[in-house]
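# Examination of the molecular architecture
Chain by chain, the residues run as shown.
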Amino acid sequence: MPLKDEHFRLSRGGYGQLIALRPVYADMDGFRHVNNGAIGRYFEEGRADMNMRIFGEASLVDPPGGLQLLFASVTTDFLAQVRYPGMVEVGTAVERIGRSSWQLAQAVFQDGRCAALATATMVKAIDGVSAPLSDAEREALQARMIGRD
């Protein structure tokens, strides 16, 4: 099923975490649209922000004890053009939690409309081997579940 058919994903109110980003001139293509590669970077910033909030800033910039937050897969649906200049908001929420993995639901919004959706799977690993989420990590992820209203 296309992500856009999950109507709760199209509303910024369902995402407990929103970050504002300003597209830069280099993100623009010849038609004054933000290119899809830049949209992928916006989603990456949303994931990084979420992961730092749950696992700590060091988890991304100086991981302790062999910790790795692995990016396993992503699916992206582009729904509308993002324009330059302007601002975007990236919404990120947790959709599912597994033993050592979690799935993030994400959206890019501009001027109140949803322009792109993504689903990303992340895996916690220690020295390249999947590692179970701790109770505290699981609780932090659970607190960030997407609102399905």
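What comes next is a walk through the structure. (Residues numbered from 1 in each chain as written. Predicted model: local features only at pLDDT ≥ 70, side-chain atom pairs only at ≥ 80, totals over all residues. Heavy atoms only, no water.)

For the peptide bond that leads from tyrosine 84 to proline 85, omega is -5 degrees, which places it in the cis range. Of note, proline 85 is situated in the loop between β2 (67-78) and β3 (88-97). Even without glycine at this site, aspartate 111 takes up a positive phi of about 55 degrees. Relative to the assigned elements, aspartate 111 resides in the loop between β4 (101-110) and β5 (113-126). The backbone of aspartate 127 shows a phi angle near 50 degrees, a positive value even though the residue is not glycine. Inspection of the secondary structure puts aspartate 127 in the loop between β5 and β6 (129-130). For aspartate 127, a relative accessible area of 64% corresponds to the exposed category. (Helix = DSSP H or I, 4+ residues; strand = E, 2+ residues; numbered from the N terminus. Buried < 20%, exposed > 50% of the residue type's maximum accessible area, 1.4 Å probe, protein only.)

Here we take up helix α1 (residues 36-55). Taking 1.5 Å of rise per residue, 20 residues should cover 28 Å, and α1 covers 28 Å from first to last C-alpha, within 8% of that figure. Between a side-chain oxygen at the N-terminus of α1 and the backbone nitrogen of glycine 37 the separation is 3.0 Å; the capping residue is asparagine 35. Glycine 56 occupies a position one or two residues after α1 and carries a positive phi of about 95 degrees. (Expected span 1.5 Å × (residues − 1). Polar contact = N/O pair within 3.5 Å; in protein donor to acceptor, adjacent residues only side chain to side chain.)

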